[in-house]
Amino acid sequence: MYEILDKKPKIKDGDKEFKIKDGLIEFKNVSFSYNGSDYVLKDINLKIGRGINAIVGPSGAGKSTLINILLRFYEPQKGEIFIDGEDIFLFSDTILENLKFANPSANIDEIRIACEKAKILDFIEGLPDKFNTKIGERGLKISGGERQRLSIARAILKDAPILILDEATSQLDSLTENAIKEFLLENENKKTIIVIAHRLSTINIADKIILIEDGKIIGEGTHKELYENYEIYKELYNSQFIKV
Ligand code: ATP
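Keep in mind that what you see is a predicted model, and the values were worked out from it rather than measured. (Residues numbered from 1 in each chain as written. Predicted model: local features only at pLDDT ≥ 70, side-chain atom pairs only at ≥ 80, totals over all residues. Heavy atoms only, no water.)

Engineer: What am I meant to see in the nonpolar core here?
Structural biologist: If you look at the biggest cluster of nonpolar residues, it comprises 43 residues, and the most contacted ones within it are Val56, Leu99, Cys115 and Phe131. Grouped together as the second largest cluster of nonpolar side chains are 21 residues, Phe32, Leu66, Ile162 and Ile196 included. (Core = buried A, V, L, I, M, F, W, Y, C linked by side-chain atoms within 4.5 Å. Buried < 20%, exposed > 50% of the residue type's maximum accessible area, 1.4 Å probe, protein only.)

Here you go:
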């Protein structure tokens, strides 16, 4: 663990702070390899703008890697990305502090409204210490769904122009899934939203779907266009929906 904590970030310091305005993301000739030899992403050219954009592809195609690079966890060996990202991890403190982190000037009414929209308010109010309950390492262990809904409440409070959601590989509970869908639909005209659709549950509401296979973008379009033109998409879609 110390080895990891002591690691120097690969991304250079001194990069200017970047203010996102339009939320337009552009990958230009981006190639990336984790080990320096086998390329996981190969010459990616992609523009993503406002609306719900889903990234789809078989397991191991490079969906999460694409997002890791966008969030600057790693630097691509080739090409450029014209944007910046923000992580949304929860930390060990009270629920209130975790929410205020997204927007320090938010008042309790705004926080309550955000929690209600994220369908987490009832859960919080049911806790003995309510908003002052500590979560994380030394506090209350909350479930995956509760974490996700708290992250949604944070995203609502933050009102950031770009939102990135890595859809969990495990089953989302229906409360969380509904909270996510409602939030996405409410914001699709205002924000650039990227969803890594491991399970394709968000596909039906996506404006644009980006299909990746073996590190390459092989198709872009609506569900109908991809379904009609790409056998691999058709297979993925059908297999997912048989399981649901
Ligand atoms: P899934 O839907 O299964 O989550 P994915 O499309 O998100 O898959 P990635 O996680 O981006 O795929 O993985 C792309 C490739 O990169 C895979 O071959 C994977 O084994 C490899 N890979 C992912 N993370 C690392 C890492 N930290 N170090 C080395 N190789 C990695």
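Engineer: Quick question: what am I supposed to make of the sheet that holds strand E9 (residues 208–213) here?
Structural biologist: Backbone hydrogen bonds hold the strands of a sheet together, and the pairing may be parallel or antiparallel. Spatial ordering of the open sheet is given by E7-E8-E3-E9-E10, a layout of five strands whose pairing is mixed. For this open sheet the edge positions go to strand E7 (162–166) and strand E10 (216–221), each flanked by a neighbour on one side alone. Strand-to-strand twist in this sheet, taken as the mean axis angle between neighbours without regard to direction, amounts to 20 degrees. As defined by bridge partners, strand E3 (residues 51–56) adjoins strand E8 (residues 192–196) across five bridges and the pair is classed as parallel. Bridge pairing links asparagine 53 to isoleucine 194 in E8. (Pairing = 2+ DSSP bridges. Helix = DSSP H or I, 4+ residues; strand = E, 2+ residues; numbered from the N terminus. Axes fitted to C-alpha atoms, helices over the stretch in contact; angles between N-to-C directions.)

Engineer: Mind showing me how you'd approach the packing of aromatic side chains here?
Structural biologist: The geometry of an aromatic ring pair is captured by two quantities: the separation of the ring centres and the angle between the planes. Applying the stated criterion to the full structure yields three aromatic pairs. Plain terms: the ring middles of phenylalanine 32 and tyrosine 34 are 4.8 Å apart, the flat faces sit at 80 degrees to each other, and that makes the pair edge-to-face. Using a relative accessible area of 43% as the deciding quantity, one classes tyrosine 34 as partly exposed. Taking the centre distance of 5.7 Å and the plane angle of 85 degrees together, the rings of tyrosine 227 and tyrosine 237 count as edge-to-face. In this pair, tyrosine 227 sits in helix H8 (residues 223–229) while tyrosine 237 sits in helix H9 (residues 231–243), placing the two residues 10 residues apart along the sequence. (Phe/Tyr/Trp six-rings, centres within 6.5 Å; stacked < 30°, edge-to-face > 60°.)

Engineer: How do you make sense of the site of the ligand when you look at a structure like this?
Structural biologist: If you check the shell around the ligand, you find Tyr34, Val40, Pro58, Ser59, Gly60, Ala61, Gly62, Lys63, Ser64, Thr65, Tyr74 and His198 and nothing else. Tyrosine 34 has a polar side-chain atom sitting 3.4 Å from a nitrogen atom of the ligand. Lysine 63 places a side-chain nitrogen or oxygen 2.8 Å from an oxygen atom of the ligand. Contact with the protein chains hides 56% of the accessible area of the ligand, taken as 640 Å² for the molecule alone. Here the residues of the shell around the ligand sort into five nonpolar, six polar and one charged. (Near = heavy atom within 4 Å. Polar contact = N/O pair within 3.5 Å; in protein donor to acceptor, adjacent residues only side chain to side chain. Areas by Shrake-Rupley, 256 points an atom, 1.4 Å probe, with all protein chains shown as cover. Nonpolar A, V, L, I, M, F, W, Y, C, P; charged D, E, K, R; others polar.)

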